[in-house]
Amino acid sequence: MALRLNETYLNGFVSTAETEKIAHVAEASLELVRSRRGAGNGFLGWVNLPADYDKEEYARIKAASARIQKMCGVFVVIGIGGSYLGARAAIEFCRSPYYNNLKKDTPDVYFAGNTISSSALADILRICEDRDVCINVISKSGTTTEPAVTFRIFRELLEKKYGEEGARERIFVTTDRAKGKLKEFSTKKGYETFVVPDDIGGRYSVLTAVGLLPIAVAGIDIDAMMKGAADAREKYLNAPLAENDAARYAVLRNILYNKGKSMEILVSYEPAAQMFAEWWKQLYGESEGKDGKGLYPSSVIFSTDLHSLGQYVQEGLRTMFETVIDFKSSADTVVIPNDPHDIDGLNFLSGKELHDVNRMAMTGTLFAHNDGGVPNILIEVDGRNEENFGALVYFFEMACAVSGYMLGVNPFDQPGVEAYKKNMYALLGKPGYEEQKAALEARMKN
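Residues numbered from 1 in each chain as written. Predicted model: local features only at pLDDT ≥ 70, side-chain atom pairs only at ≥ 80, totals over all residues. Heavy atoms only, no water.

Here we look at the state of the cysteines
Okay, step 1: For the structure shown, the criterion picks out 1 disulfide.
Okay, step 2: Covalent S-S linkage joins Cys72 and Cys134, the inter-sulfur distance amounting to 1.9 Å. Highlighted residues: Cys72 in the loop between helix H2 (55-71) and strand S2 (74-78) and Cys134 in strand S4 (residues 133-138), separated in sequence by 62 residues. With respect to burial, Cys72 and Cys134 carry one shared label: buried. (Disulfide = S-S within 2.5 Å. Helix = DSSP H or I, 4+ residues; strand = E, 2+ residues; numbered from the N terminus. Buried < 20%, exposed > 50% of the residue type's maximum accessible area, 1.4 Å probe, protein only.)

Here we look at the nonpolar core
Okay, step 1: Within the largest apolar cluster, 97 residues are counted, with the highest numbers of intra-cluster contacts made by Trp46, Phe276, Trp279, Phe389, Phe396 and Met398.
Okay, step 2: Take this core: its biggest share by element is 14 residues, from helix H13 (residues 386-407).
Okay, step 3: Beyond its immediate stretch of four places on either side in the chain, Phe276 contacts Ala89, Phe93, Ile325, Phe389, Leu392, Val393 and Phe396.
Okay, step 4: Counting 19 residues, the second largest nonpolar core, distinct from the first, contains Val74, Val76, Phe154 and Val173. (Core = buried A, V, L, I, M, F, W, Y, C linked by side-chain atoms within 4.5 Å. Contact = heavy atoms within 4.5 Å.)

Notes on the pairing of strand S10 (residues 376-381)
For a regular strand, side chains alternate in direction, first toward one face of the sheet and then toward the other.
Okay, step 1: Burial of S10 is extensive: 6 of the 6 residues sit out of reach of the surface.
Okay, step 2: Strand direction decides the pairing type here: strand S1 (residues 3-6) and S10, joined by 4 bridges, are antiparallel. Along S10, the bridge assignment pairs Leu5 with Ile379.
Okay, step 3: Two elements, strand S9 (residues 320-327) and S10, share 6 bridges in a ladder whose sense is parallel. Pairing of Phe327 across the sheet is with Val381, part of S10.
Okay, step 4: In the classification by handedness, the crossover that spans S9, the intervening helix H12 (residues 354-371) and the parallel S10 is right-handed. (Pairing = 2+ DSSP bridges. Right-handed = clockwise from strand over helix to strand, strands pointing away.)

Keep in mind these numbers describe shape, not what the thing actually does.
Below you can see the structure in the form of structure tokens.
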């Protein structure tokens, strides 16, 4: 495997006795995933997905992405949460955070419908002026406010620009297989549709059509990505606890949680992993943050954030631990030149590769944070590519499911997400929310 768990920087924080004491809980939790007998078991479709997916739809994804690449200079992905985070993470991880600015033969990819900001949407609309545009709206129901409003706006734009017939060829919909307002509307309009599986929740859906269509449009090898996930499935679903790094990661984070650590910080020294961290935060935040339980998931990009949050991590409240994604190699080589005048005093770095300097910064930080009382878990990855992205996705999904069961929660529901929506609907005057609107307005006056 291209992924390895490294526990070197947990010495003094987690003992062998502690892992042995909790091993039976981990074994039972892993078995709940394998047997599909745990809470939320109707949403375990992701477990076998890399080995058992709809081949016909997969072929349509490839065909549609090829058409989009020929038709469009801009591809707008409309969705929120799990409907966009995985795809954006993959594009930045496998290509670059600057993907849209690079020379390439694939469309620029922008993500909309993940905010209600008028300025953010107006900027994307301006980008689309005088360019050929295709869109992919992703929503199980079609009624979630942020993507639904954005779809209205872009649908109007495309129909004005290309006519209703022309727009039909440029609108791609990923939604429920058979029901829901968006599915009904798409069938009526004749849009090509892809499926949000019934048995896979949004935050686990990156390797379904939800993520794969935008990823393929960006020219990323989805065959390699699925292979990486399939290899990880074989390893983490079937291996016993002692040889299972995903389950072992779940054990370690639960031990640290039980010892009073309330925050987990996902660390990377590669800016290209920033959106991957955003996907990870949703995965763990929605899966574990319930019933008054759960680690708070946060993230940083070092060494950048060492100059803003480094002081707190080093000497603030000792309520955190770090999980570091360590990319062992880089596809790019940048060599630091020699300066005859040595005006910055850094000639001791002359001739060194920047990636090596970055990894030494990581090692120095690991020692410093350990000395400051912060445990660190390392996840070593050979490098940034499609296979490793697929493997990392499956690694964290499996670990999240096992960890949630160990914590005693349902890792696959998110009841708390609805609270803000109900208040927002009431304040905006949605029919049926009159009583709640009156109560909220009274609270606002007070």
